[in-house]
Amino acid sequence: MHDSDANDSPHALPLAYLITFRCYGTWLHGDARGSMDPKHHVYGAAKIAASQPFENSNRKQLKHAPVILDCRQRKVVEAGVRGVCDYRSYILRALNARTNHVHCVVSAMCKPEPILGALKAYATRTLRRAGLIDVGAKPWSRHGRTIYLWTEKDGAKAIEYVMVGQDDELFRLDDDWTERAP
């Protein structure tokens, strides 16, 4: 538990959120890294175990090829994220669009789900306006990951991860309870 009791209030907002959203088709159920499904996507729930047949079945159900962002697309996605942050007065603390996912550290006076939705919508719109994805293509997987950053230390750790981390380990704070799955 942190020194401050502010996060005990049901109306308290953290200093920032680490928000991650993946490109469509790049991490399917059955993948060796594990995954969550909408029915069991709650904090502390076990991940879906690796299963090559399950992953193959999911791959066959994709409506189009997995989306892998090239350098130009990543720059356009970052411009879209910056645009929505400016428009909605979110404070963008860190941003890194990768080939198969996007990480942001954002401060805002609301819960992370509307932020996540806006980031994905603006990024999609900028990609389409630039002619870098087809009109019918779905660039992002469903939902994303949202981690509440309650302290300056948490924020600094998340910013460092977004800007220079990115190894095979997922971001994790010392206190497990900070991650909230919708």
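Scroll up to find the structure this text is about.
Thresholds, definitions, all that
Position numbers for residues count from 1 along each chain, tracking the sequence in the order it is written. Only residues with pLDDT of 70 or above have their local features reported here, since the model is predicted, and side-chain atom pairs are shown and tallied only from 80 upward, although totals for entire chains, interfaces and linings are computed over all residues. Side-chain numbers come from the whole structure's heavy atoms, not from hydrogens or water. Counting from the N terminus, the helices are the DSSP runs of H or I reaching at least four residues and the strands are the DSSP runs of E reaching at least two. Remark: exposure states derive from per-residue accessible area (1.4 Å probe, protein chains only) relative to the maximum for the residue type, with buried under 20%, exposed over 50%, and partly exposed in between. We call two residues in contact whenever any of their non-hydrogen atoms come within 4.5 Å of each other. Helices are assigned an expected span. That span is 1.5 Å times one less than the residue count. Here a polar contact means two N or O atoms within 3.5 Å. Within protein one must be a hydrogen donor candidate and the other an acceptor candidate, and residues neighboring in sequence count only if both atoms are side-chain atoms. To obtain the arc, one takes the directions from the helix axis to the C-beta atoms. Paired strands, as defined in this entry, are two strands with at least two bridges between them according to DSSP. A fitted line through C-alpha atoms serves as each axis, taken over the contacting stretch for helices, and the angle formed by two N-to-C directions is quoted from 0 to 180°. Convention used here: angles under 35 degrees read as roughly parallel, angles over 145 as roughly antiparallel, angles from 65 to 115 as roughly perpendicular, and any remaining angle as oblique. Put simply, a crossing is left-handed when the front helix is turned counterclockwise from the back one by less than a right angle, and right-handed when it is turned clockwise.

1. Some points on the overall build of the protein chain
Part 1 of the argument: Each helix and strand in the protein chain was counted, giving four helices and four strands.
Part 2 of the argument: Counting only residues that meet the buried cut, the protein chain has 42% of its 182 residues in that class.
Part 3 of the argument: Look at the contacts in the protein chain between residues 6 or more apart in sequence, and 69% of them connect residues 24 or more apart.

2. So, helix 2 (residues 71–88)
Part 1 of the argument: Between its first and last C-alpha, helix 2 extends 26 Å over 18 residues, near the 26 Å set by a 1.5 Å rise per residue.
Part 2 of the argument: Turning to helix 2, its buried residues number three or more, namely Q73, V76, V77, E78, G80, V81, V84 and C85.
Part 3 of the argument: Considering only its buried residues, helix 2 is in contact with strand 2 (91–97), strand 3 (101–107) and helix 3 (112–129).
Part 4 of the argument: The backbone nitrogen of R72 lies 3.1 Å from a side-chain oxygen of the residue at the head of helix 2, namely D70.
Part 5 of the argument: At the C-terminal side of helix 2, S89 shows a positive phi close to 60 degrees.

3. Observations regarding helix 4 (residues 152–164)
Part 1 of the argument: Across its 13 residues, helix 4 extends 18 Å between first and last C-alpha, which sits within 8% of the 18 Å expected from 1.5 Å per residue.
Part 2 of the argument: Within helix 4, burial applies to D154, G155, A158, Y161 and V162. The buried residues of helix 4 all sit within an arc of 125 degrees when viewed along its axis, so they share a single face. Seen from the buried face of helix 4, the exposed residues on the opposite side, beyond 90 degrees, are E152, K153, E160 and V164.

4. Let's talk about unusual backbone geometry
Part 1 of the argument: A positive phi is found at S89, a non-glycine position, where the angle reads about 60 degrees.
Part 2 of the argument: One can find S89 in the loop between helix 2 and strand 2.
Part 3 of the argument: Even without being a glycine, H143 presents a positive backbone phi close to 55 degrees.
Part 4 of the argument: Note on H143: relative accessible area 21%, which makes it partly exposed.

5. Looking at the sheet that holds strand 4 (residues 145–149)
Consider a sheet: its strands pair through backbone hydrogen bonds, and that pairing is either parallel or antiparallel.
Part 1 of the argument: With respect to topology, four strands assemble into an open sheet ordered 2-3-1-4, the strand pairing being antiparallel. Here the strands that pair on one side only, and so sit at the sheet edges, are strand 2 and strand 4. Between one strand and the next, the sheet's axes are offset by a mean angle of 15 degrees, whatever the strand orientation.
Part 2 of the argument: Relative to strand 4, strand 1 (residues 16–22) runs antiparallel, the two being bridged by five bridges. If you follow Y17 over to strand 4, its bridge partner there is Y148.
Part 3 of the argument: Along the sheet face, helix 3 touches strand 1, strand 3 and strand 4 and points at about 45 degrees away from the line of strand 1.

6. Comments concerning the packing of helix 2 against helix 3
Part 1 of the argument: Closest axis-to-axis distance for the helix 2/helix 3 pair is 8 Å, and the angle between their directions is 130 degrees. In this view, helix 2 runs oblique relative to helix 3, as classed from their interaxial angle. Between helix 2 and helix 3 the crossing geometry is right-handed. The residues of helix 3 that touch helix 2, namely those facing Q73, V76, V77, G80, V81, G83, V84, C85, Y87 and R88, are P114, A118, L119, Y122, A123, T126 and L127.

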